[in-house]
Amino acid sequence: MDKRLQWSDLQFFLAVCEKGSVGAAAKALGVNHSTVLRRLGSLERSLAVRLFDRLPTGYALTSHGQALAADVAQLAEQVDAAERRVTGANLQLSGTLRLTAPEALLQTLMLAPLANFRRLHPQLGLELVISNTFLSLTKREADVAVRGTNHPPEHLVGRRVGVVQTALYASRDYLASLGPGADERDYQWVGHIDALAQLDSAKWIRQNVPAERVGLRVDTLVSVADAVAAGAGVGWVLCPLASQRAGLVQLREPLEAFDTQVWVLTHPDLRRVARVKALTDALFDALSSDPRLSHRGKP
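Only a predicted model underlies this, so the values are computations on that prediction, with no experimental measurement involved. Here, residues in each chain are numbered from 1, in the same order as that chain's written sequence. Given that this is a predicted model, residues contribute local features only at a pLDDT of at least 70 and side-chain atom pairs are listed and counted only at 80 or more, while totals for whole chains, interfaces and linings are drawn from all residues. In computing side-chain properties, one takes all heavy atoms of the structure into account and sets aside hydrogens as well as water.

## What about the overall build of the protein chain?
Here is step 1 of the chain: From N to C terminus, the protein chain includes 10 helices and 12 strands.
Here is step 2 of the chain: The long-range fraction of contacts in the protein chain, counting pairs at least 24 apart against all pairs at least 6 apart in sequence, stands at 73%.
Here is step 3 of the chain: All accessibility values rest on the Shrake-Rupley procedure with a 1.4 Å probe; residue burial counts only the protein chains present in the view. Working note: accessible area of the protein chain is about 15600 Å², and carbon and sulfur atoms make up 51% of it. Note on conventions: DSSP H or I runs of at least 4 residues are helices, E runs of at least 2 residues are strands, and numbering of each starts at the N terminus. Here a residue-residue contact requires only that any non-hydrogen atoms of the pair lie within 4.5 Å.

## Structural notes on the pairing of strand β8 (residues 189-192)
Here is step 1 of the chain: For the exposure calls, accessible area comes from a 1.4 Å probe over protein chains only, and a residue counts as buried if that area is under 20% of its type's maximum, exposed if over 50%, partly exposed in between. Side chains of β8 alternate between two faces, with W189 and G191 and V190 and H192 buried alike.
Here is step 2 of the chain: Sheet topology note: the β8/strand β9 (residues 214-218) ladder contains four bridges and is parallel. Each bridged residue has a counterpart across the sheet, and for W189 the counterpart in β9 is V214.
Here is step 3 of the chain: What joins β8 to β9 is helix α7 (residues 200-208), and the crossover it makes is right-handed. When DSSP locates at least two bridges between a pair of strands, those strands are taken to pair. A clockwise path from the first strand over the helix to the second, with the strands pointing away from the viewer, defines a right-handed crossover.

## Re the sheet that holds strand β5 (residues 144-148)
Here is step 1 of the chain: The strand order across the open sheet formed by five strands is β4-β3-β5-β12-β6, and the pairing between neighbours is mixed. Each edge of the open sheet carries a strand with a single partner, namely β4 (124-130) and β6 (157-164). Looking at each pair of strands side by side, their axes are set apart by 20° on average, direction ignored.
Here is step 2 of the chain: Inspection of the sheet shows β5 paired to strand β12 (residues 260-266) by five bridges, in the antiparallel sense. Among the inter-strand pairings, R147 is bridged to a residue of β12, identified as W263.
Here is step 3 of the chain: Against the sheet, helix α5 (residues 103-120) touches β3 (95-101), β4, β5, β6 and β12, its axis set at about 175° to β4.
Here is step 4 of the chain: Taken strand by strand, helix α10 (residues 274-288) contacts β3, β4, β5, β6 and β12, and its axis lies near 20° from that of β6. Here the axes come from fitting lines to C-alpha atoms, over the contacting stretch only for helices, and the angles between their N-to-C directions go from 0 to 180 degrees.

## Remarks on the nonpolar core
Here is step 1 of the chain: Residues M110, V146, Y169, V237, L283 and L287 are the most contacted members of the largest nonpolar core, which totals 40 residues.
Here is step 2 of the chain: Contact partners of M110, with chain neighbours within four places excluded, come to L99, A101, L105, V146, L283 and L287.
Here is step 3 of the chain: The nonpolar core is taken to be a set of buried Ala, Val, Leu, Ile, Met, Phe, Trp, Tyr and Cys residues, with the residues joined through side-chain atoms within 4.5 Å. Grouped together as the second largest cluster of nonpolar side chains are 17 residues, A15, V16, V22 and L68 included.

## Focus: the sheet that holds strand β10 (residues 235-238)
Here is step 1 of the chain: An order of β10-β7-β11 is seen for the three strands of this open sheet, with the pairing classed as antiparallel. Every other strand in the sheet has two partners, leaving β10 and β11 (248-250) as the edge strands with one partner each. Pairwise comparison of adjacent strand axes, ignoring direction, gives a mean angle of 55° for this sheet.
Here is step 2 of the chain: Pairing of strand β7 (residues 166-171) with β11 involves three bridges; the strand directions are antiparallel. Pairing of A170 across the sheet is with V249, part of β11.
Here is step 3 of the chain: In the packing of helix α8 (residues 221-229) onto the sheet, contacts are made with β7, β10 and β11, and the angle to β10 comes to roughly 120°.

## Describing the pattern of salt bridges
Here is step 1 of the chain: Whenever a carboxyl oxygen of Asp or Glu lies within 4 Å of a side-chain nitrogen of Lys or Arg, that contact is scored as a salt bridge. The full count for this structure, using the stated rule, is eight salt bridges.
Here is step 2 of the chain: Ionic pairing is found between R50 and D53, a salt bridge with its closest N-O pair at 2.8 Å.
Here is step 3 of the chain: Take R50: its relative accessible area is 49%, and that puts it in the partly exposed class.

## Some details on the packing of helix α2 (residues 22-29) against helix α3 (residues 33-47)
Here is step 1 of the chain: In the contact formed by α2 and α3, the axes pass within 8 Å of each other and the chain directions differ by 105°. Judged by the angle between their axes, α2 and α3 are roughly perpendicular. In contact with V22, G23 and A26 of α2, α3 contributes H33, V36, L37 and L40.
Here is step 2 of the chain: Only Asp, Glu, Lys and Arg are considered charged in this grouping, and only Ala, Val, Leu, Ile, Met, Phe, Trp, Tyr, Cys and Pro are considered nonpolar; every other residue, Gly among them, is considered polar. In terms of residue class, the contact of α2 with α3 is made up of five nonpolar, two polar and no charged. The labels follow the angle: roughly parallel below 35 degrees, roughly antiparallel above 145, roughly perpendicular from 65 to 115, and oblique for the rest.

## Digging into the packing of α5 against α10
Here is step 1 of the chain: Following both chains from N to C, one finds α5 and α10 inclined at 135°, their axes separated by 10 Å at the closest point. By the angle class used here, α5 and α10 are oblique. Taken as a pair, α5 and α10 cross one another with a handedness that is right-handed. When α5 is examined against α10, the residues L109, M110, P113, L114 and F117 are found in contact with a partner set consisting of R275, A278, L279, A282, L283, A286 and L287.
Here is step 2 of the chain: Residues of the contact of α5 with α10, tallied by class, amount to 11 nonpolar, no polar and one charged. The sense of a crossing depends on the near helix, which, turned anticlockwise from the far helix by less than a right angle, makes the crossing left-handed and, turned clockwise, makes it right-handed.

## Describing the pairing of β5
Here is step 1 of the chain: Among the five residues of β5, four are classified as buried, and the element is accordingly described as predominantly covered.
Here is step 2 of the chain: By the bridge criterion, two bridges tie β3 to β5 in an arrangement that is parallel. Across the sheet, residue L99 finds its bridge partner in β5, namely V144.

## Let's talk about the packing of aromatic side chains
Here is step 1 of the chain: For Phe, Tyr and Trp, where Trp contributes only its six-membered ring, two rings pair if their centres lie within 6.5 Å, and the inter-plane angle classes them as stacked under 30 degrees, edge-to-face over 60, or tilted in between. Evaluation of the coordinates by the stated rule reveals four aromatic pairs.
Here is step 2 of the chain: Ring geometry for W189 against W204: centres 5.6 Å apart, planes inclined by 40°, an arrangement best described as tilted. In this pair, W189 is assigned in strand β8 and W204 in helix α7, connecting sequence segments 15 residues apart. Per residue, the accessibility class of W189 equals that of W204, and both read buried.
Here is step 3 of the chain: Where W236 meets F258, the ring centres are 5.0 Å apart and the plane angle is 90°; that geometry is what we call edge-to-face. You can see W236 sitting in strand β10 and its partner F258 sitting in the loop between β11 and β12, a full 22 residues away along the chain. Assigned by exposure class, W236 and F258 land together as buried.
Here is step 4 of the chain: An aromatic cluster is built from W189, W204, W236 and F258, whose rings are joined through pairwise contacts.
Here is step 5 of the chain: Definition used: whenever NZ (Lys) or CZ (Arg) falls within 6 Å of the ring centre and also within 35 degrees of the ring normal, the charge is taken to sit over that ring. Lying over the aromatic face of F284, R159 brings its terminal NZ or CZ to 4.0 Å of the ring centre.

Right under this line is the structure:
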């Protein structure tokens, strides 16, 4: 490559390719729109080729741009891998760790263990990212992930700590409001919006409950538990969430088909970093002994 080519310009180019627009790339990089345009212009001048076609609908890669994007993606992964290897040599229990977990697990199972971890390791700072999606541990968007999944990503390493169960619940007040002689045909249900449509419990409701009896649909598992506790109807609630809410009555035993494994995960290059290992070990010890997690079906 031309000696005038700047790695930082390539990073801006790659961000536009990954995010799909100049505006999205600017937001991800924390800069303004004009900075991204200026860096793209600098890169095109250095290479003496046009990398994007400026279309009314946005920016489209030219053939030169497509070739460069393929090369730069490989280079970026090599840089990320080098950073992880260097970080992996760090044996000090200091610095900052970024942990990602879904709200339901963080709220019910993890806050006490994390508070205890901080007491044991006051030199370590924790950043918590509440998310139901897998942040990229490859790109260091997080160092450790706690996830409820029956299919953990193959490129990550970790240990299963248990199983979250789901059962059918209603509040005592709601059941009392139905009057004597009421049965399941009289229930109103708390369901899920499309963002949770992939859940087995959401599929069960679609298959077994008429749409007109689903009076409320929510977008998080915590909201399902809160709505059921407030008397909005019956619903499939994670058992650890139900245990935190007074007045809930379990109407059915947990369905094994709804069981979700809980994993503590990290990237292979980070598992021997002292602070990462300290956190994953602490979370494994605390969660694997938590009675609110089941261990049925343990391999």
